[in-house]
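Take a look at the letters that make up each chain.
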Amino acid sequence: MQPTDKMEESAIYERRVFKNASVYHYMKIALILENEDKRMNAAHFKQLIISALKDLYGEIGAAFPFDVLKFEENTLTAVLRVYNSGLVKLWSALTLLGSYQNEPCAVQVKQVSPFLLALSGNSRELELD
Amino acid sequence: MFTNLEKCPRNLLVCEKSCFLNEKSRHDIHVAKHYFNYKVSVLIPECGVIPSRLRSVVNGFTKYYLVRDLPVYKLLEEEFLEKVASKGSIYALSYNTKIDQDNTIALLPTGQLILSVDKDTYEELGLEGQVSEYNHRQPMRYVVTIDVTSKSVALGTKRYKRAMWALKEKMPLRSDFLLARHNIAGDEEGALQSFLSQHNCKELRPSVSIQTLKDLPCPSLDPASLRGGGELCDPHQFLEWLGAVTIGVKCDNEASNFVSTYCCPEPQGSISQALLCTVTGLLLPEDIHSLLEELRRYFDEPKFTSWLSVTVHGFADSPISWGTTEHGYHKGGENFYSFVVFKNQDYWLHMGTGTNDGCPP
Amino acid sequence: MAVFIDLNISHTTDKKRLQDIIETAAHLGFSTVAINHVVDLQQKKQEIGKPKSVSELFDQFPIVQGKSRPIKVLNRLTVVVSEASHFRPTNEFKSYDIIAVFPKTEKLFHAACMSFDVDIICIAVTEKQPFHFKRPPVNGAIDRGVFFEISYVPAIKDSTMRRYTISNALSLMETCKGKNVIVSSGAEKPLELRGPYDIANLGLLFGLSEGDAKAAVSTNCRAVLLHGETRKTALGIIHTMKKIQPTMEGQEEDNAPAVKRAKMEAV
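Residues numbered from 1 in each chain as written. Chains lettered and ligands numbered in written order. Predicted model: local features only at pLDDT ≥ 70, side-chain atom pairs only at ≥ 80, totals over all residues.

Engineer: Can you walk me through the overall build of chain A in this structure?
Structural biologist: For chain A, the count of helices and strands is two helices and six strands. From first element to last, N terminus to C terminus, chain A shows the α and β order β-β-α-β-β-α-β-β. For chain A, whose C-alpha radius of gyration is 19 Å, the value lies well above the compact-globule estimate of 14 Å for 129 residues. Seen through its C-alpha atoms, chain A measures out along the principal axes to roughly 65 × 45 × 20 Å. Expressed as a percentage of the 129 residues in chain A, the buried residues total 43%. When contacts within chain A are restricted to residue pairs at least 6 apart in sequence, long-range pairs at least 24 apart make up 63% of them. (Helix = DSSP H or I, 4+ residues; strand = E, 2+ residues; numbered from the N terminus. Rg over C-alpha atoms; globule rule 2.2 N^0.38 Å. Buried ≥ 20, exposed ≤ 12 C-beta atoms within 10 Å, placed from the backbone. Contact = placed C-beta atoms within 7 Å.)

Engineer: Where do I start with the interface of chain B and chain A in this structure?
Structural biologist: Note on interface size: it is often stated as the accessible area lost on association of the parts. Across the boundary between the two partners, chain B contributes 51 residues, which contact 45 residues of chain A. Contributions of two or more residues to the side of chain B that touches chain A are made by β1 (12–19), β2 (37–45), α7 (235–247), β13 (307–314) and β14 (335–342) of chain B. Of the residues forming the side of chain B that touches chain A, the biggest block, nine residues, is contributed by α7 of chain B. A breakdown of the residues in the side of chain B that touches chain A according to their chemical character gives 24 nonpolar, 16 polar and eleven charged. In the sheet, strand β1 (residues 14–19) of chain A pairs with β1 of chain B via six bridges, with the strands oriented antiparallel. Residue pairing across strands places F18 of chain A opposite L13 of chain B, the latter belonging to β1 of chain B. (Nonpolar A, V, L, I, M, F, W, Y, C, P; charged D, E, K, R; others polar. Pairing = 2+ DSSP bridges.)

Engineer: What's the story with helix α2 (residues 87–96) of chain A in this structure? I'm lost.
Structural biologist: It helps to recall that an α-helix has 3.6 residues per turn; residues three or four apart then point in one direction. Of all ten residues making up α2 of chain A, ten are buried, and the element is well covered by its neighbours. Those residues of α2 of chain A that fall on the buried side of the exposure criterion are L87, V88, K89, L90, W91, S92, A93, L94, T95 and L96 of chain A.

Engineer: So what exactly am I meant to see when it comes to the pairing of strand β15 (residues 346–353) of chain B here?
Structural biologist: Looking down a regular strand, the side chains alternate between one sheet face and the other. All names here are of chain B. Summarising burial for β15: seven of the eight residues are buried, a large majority. Bridge count between β1 and β15: eight bridges; the pairing is antiparallel. Across the sheet, K17 pairs through a bridge with W348, a residue of β15. Direction of pairing for β14 relative to β15: antiparallel, over a ladder of seven bridges. The residue bridging Y337 from the neighbouring strand is M351, located in β15. Connecting β14 to the antiparallel partner β15 that follows it, the hairpin turn spans three residues, and Q345 within it adopts a positive phi of roughly 70°.

Engineer: Please clarify how the interface of chain C and chain A should be interpreted in this entry.
Structural biologist: In this complex, chain C contributes 16 residues to the contact, which on the side of chain A involves 15 residues. Ranked by the residues each element gives to the side of chain C that touches chain A, the list is headed by helix α6 (residues 196–205) of chain C, at six residues. Of the residues belonging to the side of chain C that touches chain A, the class tally is seven nonpolar, four polar and five charged.

Engineer: Help me out: how do you make sense of the confidence of the model for chain A in this one?
Structural biologist: Any region with low pLDDT has predicted coordinates that should not be read closely. Residue and element names in this part refer to chain A. Residues with a pLDDT of 70 or more make up 91% of chain A, whose mean pLDDT is 89. Per-element confidence in chain A is highest for strand β3 (residues 66–72), whose mean pLDDT is 97, and lowest for β1, whose mean pLDDT is 90. Within the model, the stretch residues 1–11 combines pLDDT values under 50 with 14 contacts to residues more than four positions away or in other chains. (pLDDT = per-residue confidence, 0-100.)

Engineer: Help me out: how do you make sense of the sheet that holds strand β5 (residues 104–107) of chain B in this one?
Structural biologist: Sheet strands pair by backbone hydrogen bonding; their relative direction is either parallel or antiparallel. Strands sit in the order β7-β8-β6-β5-β4-β9-β3-β10 (chain B) across an open sheet of eight strands; the sheet is antiparallel. Only two strands of the sheet have a single neighbouring strand rather than two, namely β7 (130–131) and β10 (201–204) of chain B.

Engineer: Explain the nonpolar core to me, please; I cannot follow it from the model alone.
Structural biologist: When a protein is soluble and globular, its nonpolar side chains tend to lie buried together. Grouped together as the largest cluster of nonpolar side chains are 220 residues, with contacts concentrated most on L80 of chain A, Y91, A92 and L93 of chain B together with A25, V101 and I121 of chain C. Not counting chain neighbours up to four residues away, the residues in contact with L80 of chain A comprise Y26, M27, I29, F66, D67, V68 and L69 of chain A. (Core = buried A, V, L, I, M, F, W, Y, C linked by C-beta atoms within 7 Å.)

Engineer: Would you explain the environment of R141 of chain B in this entry?
Structural biologist: Residue and element names in this part refer to chain B. Locating R141 in the fold gives a position in strand β8 (residues 141–147). Judged by the 28 C-beta atoms lying within 10 Å of it, R141 is buried. Taking the C-alpha atoms as reference points, R141 and D120, 21 residues apart in sequence, are found 8.8 Å from one another.

Engineer: What am I meant to see in the sheet that holds strand β5 (residues 99–100) of chain A here?
Structural biologist: Residue and element names in this part refer to chain A. Taken in spatial order, the five strands of this open sheet run β3-β4-β2-β6-β5, and their pairing is antiparallel. Looking at the sheet topology across the chains shown, the edges are occupied by β3 and β5. Sheet topology places β5 next to strand β6 (residues 103–113); two bridges connect them, and they run antiparallel. Bridging across to β6, S99 finds its partner in P104. Contacts from α2 reach β2 (24–33), β3, β4 (77–83) and β6 within the one sheet, and its direction differs from that of β6 by about 145°. (Axes fitted to C-alpha atoms, helices over the stretch in contact; angles between N-to-C directions.)

Engineer: What is the right way to look at the pairing of strand β3 (residues 64–71) of chain B in this model?
Structural biologist: Residue and element names in this part refer to chain B. As paired strands, β3 and β10 are joined by four bridges and run antiparallel to one another. Counted as the bridge partner of Y65 is E203 from β10. Here β3 runs beside strand β9 (residues 174–183); their pairing, made up of five bridges, is antiparallel. Residue pairing in the sheet places L66 in a bridge with L178 of β9.

Engineer: Sorry, what's going on with the packing of α2 of chain A against α6 of chain C here?
Structural biologist: Two quantities define a packed helix pair, namely the angle between the helix axes and the distance between the axes. Between α2 of chain A and α6 of chain C, the shortest axis-to-axis distance is 9 Å and the interhelical angle comes to 115°. As summarised for this structure, α2 of chain A and α6 of chain C are arranged roughly perpendicular, according to the angle between their axes. You can see that α2 of chain A and α6 of chain C cross each other, and the crossing is left-handed. Between α2 of chain A and α6 of chain C, the residues in contact are V88, W91, S92 and T95 of chain A and D198, N201, L202, L204 and L205 of chain C, respectively. Here the contact of α2 of chain A with α6 of chain C is built from residues that sort into five nonpolar, three polar and one charged. (Parallel < 35°, antiparallel > 145°, perpendicular 65-115°, else oblique. Left-handed = near helix turned anticlockwise from the far one by under 90°.)

Engineer: In this structure, what is going on with the packing of helix α2 (residues 52–59) of chain B against helix α8 (residues 285–297) of chain B? I would like to understand it.
Structural biologist: Residue and element names in this part refer to chain B. Where α2 contacts α8, the axes come no closer than 10 Å and their chain directions differ by 175°. The pairing of α2 with α8 is recorded here as roughly antiparallel in orientation. Within the contact between the two elements, α2 uses R53, L54, V57 and V58 and α8 uses S290, L291 and E294. Taken together, the residues of the contact of α2 with α8 sort by class into four nonpolar, one polar and two charged.

Below is the structure:
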């Protein structure tokens, strides 16, 4: 955190610049199952991701917290929150996840940002046709 | 060996605190210079029904056009510049073009045409430009700015003719565009319509969605304390909460919860209901300015809330973000700003941006 | 920064499946893919034939996600060689846009890097790397504009192969310092494909820097295509006429710049 150029002028004006001060990164993802009839709740979903992390990084490597902030059962889309230091690991574990209950699956990462707010306004989702 | 797995790309958050009534307040400049806006969302605590004046402001946002396969030189033609562009503020941004992969073009109301192009296009065009700030080992992207308002590239000059020739004959760039014009009073629509009628074009209205959110925990805010600190939440925590509310994340989890431990920052109060109004499309700074003015007037009458917020998201694939600062797409193209408007006309302005972007002004 | 490219979609005679994979690739944001025909010359009766014209795949090629253009599809030949005599460029080679070689021994790796007329050298991902990557051949390949390819799909399918993939990739990076690497899929099914940014992130596990990892799915693949163009046209400067292939509508548009690029690159 680097607060900079505090301006003089009127007492009320204040400006601060925070560089890399966000503690977390946020990911918007979708799980694609080959068997589209399969159902899953948020807890199962999180368990699936945890086991993907363990597969790739082992017990210790995978021992960092992340949150499933939002999960929609009917579309299998989710919003995850992870500490910056865990982003690359979480992301790569999601990429290498290839099966769920012995059936093929894939995780598509739709958006990644250090701002949760940015996930509510992604212009790449704009469809006008 | 794996230390780089814990690193993250850079991001910036610039926060300002000021008062709308302060003569030196730059809020209007910030709004005017964030040219290409994709979405605006307004959150008003303790409000169940959208006030009619606010409704008419959001419904009155300028319409925009999707113009198919437009040759880029058309935006530099004398007729266009004199009859269409000079009679209002014109905004055009290439559509379905990705700044991390494709040629991306923007026309600003200042008269600047900005082309962010790949190496091949740049070499073929033969126009003078700058190497993009966001290249890897070798330059693969260049930015060409053609400013027809400057003397050296004005209509009829050698350089203007050269630019026209480059775009018309040498490398006939074409693209789909989103285009809109903020009209000045007394201007005739005719010239714009006649320009559009020459092309395959679709008229679009910004889409408005209104929701009422119920029973939200909400962090306590003190207008004097932008940084938070002490007991209050810091700007990142506040923006995280704002994001959580906007996308419908549950904000009251226990620390022991398996799925999510996210919780609204302390100290917190609660809101029985809140209005969330979102407008999406190619949104003009002029309209956002009117929206902000209307929101300031919200506190003319006594209200249960002491603040409200308005967030504006820029286009992820715009070649510029803050003013004419070059914008790129690293792992994302986020560029947004968010006002918190307080009852006493104080405000906070948060400007957030990702890796391939300059520092907000 | 260039468009995203996956130069390794496994060829199959199952047309429907190939279409599905290509559709998924377009949906994930890939602008160009190459169908990979693998020939292992050690096995008897293996012959290099001409590939089917890609125009037979679709009447209308799928549109790349978020763009107004259709995906471009190319043909690639990968020759698996375990003896020097195996690698004999024939006339058939010319009908492929890209030529890759998968050398099984150190000697052949050396030859592939230094003299084989190829665009890509495949790195083993389904077995432990059987020889060391020595600096002279690796640098030789880099100087000649030949690229090393790591395919990620085996790492998704099997945890042992995942270990091989990562460790072989890391030892390659120690030698090549992240230069001239492409990461491609090797997908046999749509669900095996991942998005460009996912692969760029995965590249960090392979020891690539952020910039090199992104280049491995974009800029470097573009360089491979240019290399292929120049190889096909012998000296690379001859190609001045636009290829007219009336059967390949939709493809044609994208073809033209590639031809032009090859020209410029060679000058």
